[in-house]
Number of protein chains: 2
Amino acid sequence: MTDRFEISYLYHGTDPAAIADVIRVEQTIEFPADLAPSWIQDEVVGKVEEISLVEENIHRITISYNPDVTGGELTQLLNVLWGNASLFPGLKVVGIKIPEVITSRFKGPRFGIDGLRAFYDAPDRPLLTTALKPMGSSPEVLAAMARTLAVNGFDMIKDDHSLANQPWAMWVERVTAVARAVTEANEETGGRCLYAPSLNLPFDRIRDAAFEAKALGAGALLVLPGISGFDSLRSLAEDDDLALPIQAHPALLGSFVTSPTQGVSHGILFGTLMRLAGADITIFPNTGGRFSFTAIQCLEIQNGAQSKLGHLKKSWIAPAGGMTIERIPEMITMYGNDTALLVGGALSRGDLAENAARMSALVRGS
Amino acid sequence: MTDRFEISYLYHGTDPAAIADVIRVEQTIEFPADLAPSWIQDEVVGKVEEISLVEENIHRITISYNPDVTGGELTQLLNVLWGNASLFPGLKVVGIKIPEVITSRFKGPRFGIDGLRAFYDAPDRPLLTTALKPMGSSPEVLAAMARTLAVNGFDMIKDDHSLANQPWAMWVERVTAVARAVTEANEETGGRCLYAPSLNLPFDRIRDAAFEAKALGAGALLVLPGISGFDSLRSLAEDDDLALPIQAHPALLGSFVTSPTQGVSHGILFGTLMRLAGADITIFPNTGGRFSFTAIQCLEIQNGAQSKLGHLKKSWIAPAGGMTIERIPEMITMYGNDTALLVGGALSRGDLAENAARMSALVRGS
């Protein structure tokens with residue numbers, strides 16, 4: 001059974017056997033099971049592997065699927081995982097086992113933890129990352145901000161994910177100005193700061209924009225899988241001609257995790273799936289910030305991003321959303337050093353250069 | 001204020017003024033508002049237009065946004081609507097007003113209700129649609145099924161949305177065989193049945209596959225915005241070289257609507273947004289089928305799909321998910337004739353040709 005694709009669901013309701021039977025059909029043939037040829041019933045429809053009581057009216061259901069049902073593609077894998085099942089109330093995906101026959105079809109993170117450690121010659125410390133804001137700023141203002149952050153020790157500077165083609169800073173002008181500023185800062189310092197422009201762009205612009213960004217000197221990319229699809233991330237991450245580190249942002253994905261009784265667990269969505277799709281860094285709202293994730297949910301994300309998953313490299317985690325320099329020691333205690341620290345707006349309270357240098361000194365221990 | 005982009009939220013919680021202030025910043029500048037230049041606070045950050053008590057600890061909050069914040073692109077419009085806000089618990093989008101300055105940037109459904117009525121010379125009746133299944137069937141078996149459905153009066157036959165590149169019927173072989181079968185059936189009957197292959201495919205295959213499908217004789221397309229992104233739908237719908245009717249499928253989108261206290265309302269997600277993105281037909285699980293939508297939620301979808309929205313054509317609705325021929329009269333009573341009836345697996349219970357002919361006679365009144 002280890003070569004099957006296993007999904008475990010938590011079901012809130014009274015008849016787990018009935019719903020298990022519905023799910024195994026719904027997620028595969030969507031057809032009256034008794035009318036399907038018997039070999040399809042045996043080989044294509046999912047198999048119920050486990051129904052166990054968790055507490056009253058809550059059961060854990062595990063169903064295994066023939067890996068061929070996914071067609072080896074992330075899009076259909078997501079559909080088997082949660083496509084029509086997302087329309088059932090009281091059902092939550094809480095476990096996933098992806099067999100080698102599937103993981104071997106994916107490249108996962110191109111750089112991951114070891115790759116970016118080597119790139120930055122940072123064998124042990126967390127990464128220093130931040131975001132360019134606020135929206136409304138001109139390309140020149142954002143470029144000046146990026147320069148300040150780059151000369152003061154930041155490893156990666158992303159566009160605020162919301163920056164798209166607003167009139168105040170259109171994508172091409174912004175990426176041109178910021179990439180140049182970061183390149184010049186690197187020449188000055190000998191550093192390797194990378195700028196990650198946001199690919200929060202139309203479907204038919206994303207791939208071209210990624211290559212344009214690279215040509216303009218951007219050394220990384222920011223992708224929004226909730227908006228452009230997880231497979232946009234995979235497609236960019238696996239592209240050997242692009243070969244840039246990628247940060248993934250959680251926009252729009254909150255609805256999959258906020259309900260305790262419906263959706264997909266934090267660890268699977270922001271950990272396993274982001275990594276399978278190729279995120280070198282998975283950004284999520286840290287506990288105690290502007291959002292609502294618990295410490296346990298955040299650690300589940302880290303587990304999904306960094307525990308063994310076939311041959312795939314480990315992803316950095318970036319617990320974010322209202323973080324401050326003051327919280328860094330606590331974050332390192334909680335997550336360890338395989339963490340891309342992401343402090344955004346808080347760096348602008350007071351002097352940006354001083355704050356950036358202070359955060360860099362804290363993390364680099366110098 | 002009518003030229004601003006207005007979003008109304010239902011908030012379950014105790015301090016609506018505080019959350020309103022958080023949302024208007026979070027969905028725009030994501031930056032300490034007091035540190036932003038005053039013109040950005042005035043022109044870029046959202047404005048709270050309404051906070052009204054609905055019942056104890058439930059408030060309706062309306063925030064308006066400068067349309068420029070969306071950059072005129074669906075991707076960033078979705079991000080303003082629900083990007084980071086999706087990470088807040090207790091918040092649900094229940095209203096949306098899209099000003100003309102934004103709707104004018106979108107083409108919406110290319111055919112819509114009037115366009116497909118003209119194409120089929122069907123000035124009044126519902127459309128007859130169905131799906132090819134079960135997964136596991138060979139291209140030849142699916143093609144034979146399509147032929148039977150086409151000669152017996154169906155207007156549109158889609159792939160089951162889960163059909164991708166499974167080994168039993170790889171995409172190209174399947175689309176080739178089915179498109180040919182439907183074309184031959186049309187030549188035989190003089191009918192105009194359209195085949196809609198599923199574009200449940202990798203990000204970097206979708207556009208090419210759409211054109212390949214057209215070249216192979218497919219007359220329509222099936223898109224899964226929950227998996228490939230709403231903007232994949234928009235991009236294909238707006239492509240004048242493609243110019244095919246598009247059905248949109250709800251896979252993966254359930255998590256946005258199943259919680260009564262979090263997410264996006266049924267009408268906005270499956271009605272307004274599907275239409276804005278260009279769905280000629282929006283498929284959703286009908287009340288009383290295999291899923292959980294209520295009659296009111298379904299009628300809200302119809303309202304979003306068919307009430308006035310700028311210059312955009314109206315979308316057909318396809319209430320689906322376990323429908324039977326027996327339910328058709330009730331569905332027509334509930335939704336009226338601007339409905340694409342979608343009966344799938346139930347047609348295979350008994351004789352497919354007989355069932356198809358019976359459904360066609362019922363709907364065509366002959």
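None of the values given here were measured: they were computed from a predicted structure. (Residues numbered from 1 in each chain as written. Chains lettered and ligands numbered in written order. Predicted model: local features only at pLDDT ≥ 70, side-chain atom pairs only at ≥ 80, totals over all residues.)

Asker: Can you help me understand the overall build of chain A in this one?
Answerer: Scanning chain A for helices and strands turns up 15 helices and 13 strands. The C-alpha radius of gyration of chain A comes to 22 Å, within 12% of the 21 Å expected for a compact globule of 366 residues. If you line up chain A on its principal axes, its C-alpha atoms span 70 × 40 × 35 Å. Residues counted as buried form 60% of the 366 residues belonging to chain A. Of the contacts formed within chain A by residues at least 6 apart in sequence, a portion of 73% connects residues at least 24 apart. (Helix = DSSP H or I, 4+ residues; strand = E, 2+ residues; numbered from the N terminus. Rg over C-alpha atoms; globule rule 2.2 N^0.38 Å. Buried ≥ 20, exposed ≤ 12 C-beta atoms within 10 Å, placed from the backbone. Contact = placed C-beta atoms within 7 Å.)

Asker: Before we go on, may I ask you to explain the interface of chain B and chain A in this structure?
Answerer: Often the size quoted for an interface is simply the accessible area lost on bringing the parts together. The interface of chain B with chain A comprises 66 residues on the first partner and 66 residues on the second. Listed by contribution, the elements that provide at least two residues to the side of chain B that touches chain A are α2 (38-43), α3 (74-82), α9 (225-228), α10 (230-237) and α11 (254-257) of chain B. Broken down by element, the side of chain B that touches chain A gets its largest block of residues, 5 residues, from α3 of chain B. For the side of chain B that touches chain A, a count of residues per class yields 28 nonpolar, 26 polar and 12 charged. (Nonpolar A, V, L, I, M, F, W, Y, C, P; charged D, E, K, R; others polar.)

Asker: It is not clear to me how the sheet that holds strand β5 (residues 127-132) of chain B should be interpreted in this structure. Could you clarify?
Answerer: Paired through their backbone hydrogen bonds, the strands of a sheet run either parallel or antiparallel. Residues and elements named next belong to chain B. Here we have 4 strands laid out as an open sheet, ordered β7-β6-β5-β13, and parallel in their pairing. Across the chains shown, the open sheet's two edge strands, defined by having one partner strand only, are β7 (194-196) and β13 (340-342). Pairs of neighbouring strands in the sheet enclose a mean axial angle of 25°, with direction left out of account. Sheet analysis places β5 next to strand β6 (residues 156-159), joined by 4 bridges and oriented parallel. (Pairing = 2+ DSSP bridges. Axes fitted to C-alpha atoms, helices over the stretch in contact; angles between N-to-C directions.)

Asker: Help me understand the sheet that holds strand β3 (residues 58-65) of chain B in this model?
Answerer: All names here are of chain B. Read from one edge of the open sheet, 5 strands run β2-β3-β1-β4-β10, paired in mixed fashion. Since the sheet does not close on itself, it has two edges, and those belong to β2 (47-55) and β10 (263-264), each with one partner. In this structure, strand β1 (residues 5-12) lies alongside β3, joined through 8 bridges in antiparallel fashion. Each residue of the ladder has a partner; that of tyrosine 9, found in β3, is isoleucine 61. Across the sheet, α3 lies against β1, β3, β4 (91-97) and β10, angled at about 130° from β4, the strand it touches most.

Asker: I would appreciate a short explanation of the relation of the copies chain B and chain A in the present structure.
Answerer: Two copies of the chain are present, and they differ by a rotation about an axis and a shift along that axis. Superposition record for chain B on chain A: RMSD 0.0 Å, screw rotation 180°, translation along axis 0.0 Å. Between the two chains, the operation in question is that of a two-fold axis. Rotation axis and chain B: the residue whose C-alpha lies nearest the axis is glycine 229 of chain B, separated from it by 2.5 Å. Counting the interface residues of chain B, we find that 100% of their copies in chain A are interface residues as well, pointing to one common contact surface. (Least-squares fit on C-alpha atoms with pLDDT ≥ 70 in both.)

Asker: I keep staring at the packing of helix α6 (residues 139-151) of chain A against helix α15 (residues 352-364) of chain A and nothing clicks. Help me out?
Answerer: Helix-helix packing is characterised by the crossing angle of the two axes and by the distance between the axes. All names here are of chain A. Between α6 and α15, the least distance of the axes is 8 Å, while the angle of their chain directions is 35°. Judged by the twist between their axes, the crossing of α6 over α15 is right-handed. Here Met145, Thr148 and Leu149 of α6 lie close against α15, whose contacting residues are Leu352, Ala353 and Ala356. Here the residues of the contact of α6 with α15 sort into 5 nonpolar, 1 polar and no charged. (Left-handed = near helix turned anticlockwise from the far one by under 90°.)

Asker: What should I look at first to understand helix α6 (residues 139-151) of chain B in this one?
Answerer: The periodicity of an α-helix, 3.6 residues per turn, causes residues three or four places apart in sequence to face the same way. All names here are of chain B. For α6, spanning 13 residues, the distance from its first C-alpha to its last is 18 Å, which sits close to the expected 18 Å at 1.5 Å a residue. Among the 13 residues of α6, 10 are classified as buried, and the element is accordingly described as predominantly covered. Considered for burial, the residues of α6 that qualify are Pro139, Leu142, Ala143, Met145, Ala146, Arg147, Thr148, Leu149, Ala150 and Val151. On its buried side, α6 packs onto β5, β6, α7 (171-189), β7 and α15 (352-364). Remark: glycine 153 follows α6 within two positions and exhibits a positive phi of approximately 100°. (Expected span 1.5 Å × (residues − 1).)

Asker: I'm lost on the domain arrangement of chain A in this one. Help?
Answerer: All names here are of chain A. Domains assigned within chain A are domain 1 (5-103) and domain 2 (112-364). When each unit is reduced to the centre of its C-alpha atoms, the spacing between domain 1 and domain 2 is 33 Å. Contributing elements (two or more residues each) for the side of domain 1 that touches domain 2: α3 (74-82), β4 (91-97) and α4 (100-103). The dominant element in the side of domain 1 that touches domain 2, judged by the number of residues it contributes, is β4, at 5 residues. Its residues assigned to classes, the side of domain 1 that touches domain 2 shows 9 nonpolar, 4 polar and 2 charged. (Domains from an automatic or database assignment.)

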